[in-house]
Amino acid sequence: MGPNATSVLDPEMAAGPSRIPTASSRYIRFGPFQVDQQRQEVSKNGARLKLQGKVYQVLLALIEKQGEVVTREELRFRLWPADTHVNYDANVNTTVNKLRQVLGDSSEKPLYIETIPRKGYCLIVPPEFADAPVTVAAVPPENAVNGKPHSQSASSSAKTDLWITLGIIGLILGGMLLGAAITKLWIYHFAPTPGGFGF
């Protein structure tokens, strides 16, 4: 067997010494994402994401070789047993695209996963490993309210409050004018006229 036989038979060994020992840490964090390896779950800012098995495996493969190319061949061996007959190229593309969708990434302007033409894929953000989860409250950042920047939201809120206040003042004034008009009408209609039934 040639030197490439090991990499074809065992993609785990093909990763070599640069492989990151993800098994030693339960939690992996990159960007706003956190991977819980024990539960095989991925969350973004505390909100759990839906990742299918193969999509999750692609993410782990990229994390294990962060900064290096994970070849399409490595992904093929990791995702499908040797006796599986599928269109590997199309299925690898589909699986990576599903992962990009979940992460909110794109191949044109990658934030997390870069495509290396005719070779494979590379995780371009450094992961952090920890034994304890990073607790993140599922609330917007300090400078955001309802998903909008704080300054924009504050000015919008101030305008809304102003219109509500003006509306209430308008209703009060309208009610006072209507009451005055009714009172005046009542006085003119029912008040005794001079020279009328006087005794």
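Residues numbered from 1 in each chain as written. Predicted model: local features only at pLDDT ≥ 70, side-chain atom pairs only at ≥ 80, totals over all residues. Heavy atoms only, no water.

(A) Here's a closer look at the packing of helix H3 (residues 53-64) against helix H4 (residues 72-79). Orientation of H3 relative to H4, taken along the N-to-C sense of each, is 135 degrees, at an axis distance of 10 Å. Relative to H4, the element H3 lies oblique. Crossing angle aside, the handedness with which H3 passes H4 is right-handed. The segment H3 lies against H4, with Lys54, Gln57, Val58, Leu60, Ala61 and Glu64 engaging Leu75, Arg78 and Leu79. Of the residues belonging to the contact of H3 with H4, the class tally is 5 nonpolar, 1 polar and 3 charged. (Axes fitted to C-alpha atoms, helices over the stretch in contact; angles between N-to-C directions. Helix = DSSP H or I, 4+ residues; strand = E, 2+ residues; numbered from the N terminus. Parallel < 35°, antiparallel > 145°, perpendicular 65-115°, else oblique. Left-handed = near helix turned anticlockwise from the far one by under 90°. Contact = heavy atoms within 4.5 Å. Nonpolar A, V, L, I, M, F, W, Y, C, P; charged D, E, K, R; others polar.)

(B) Looking closely at the nonpolar core. Counting 28 residues, the largest nonpolar core has Phe30, Val35 and Leu99 as the members making the most contacts within it. Broken down by secondary-structure element, the contributors of at least two residues to this core are strand S1 (27-30), strand S2 (33-36), H3, H4, helix H5 (88-103) and strand S7 (120-123). (Core = buried A, V, L, I, M, F, W, Y, C linked by side-chain atoms within 4.5 Å. Buried < 20%, exposed > 50% of the residue type's maximum accessible area, 1.4 Å probe, protein only.)

(C) Spatial organisation of the pairing of S2. By the alternation rule, side chains of S2 split into Phe33 and Val35 and Gln34 and Asp36, which are all buried. Sheet topology places S1 next to S2; 4 bridges connect them, and they run antiparallel. The residue of S2 that forms the bridge with Tyr27 is Asp36. Counting the residues in the hairpin turn of S1 and S2 gives 2 residues, including Gly31, whose phi is positive at 55 degrees. Pairing between S2 and strand S3 (residues 41-44): 4 bridges, direction antiparallel. Opposite Gln34, over in S3, you have Ser43 as the bridge partner. (Pairing = 2+ DSSP bridges.)

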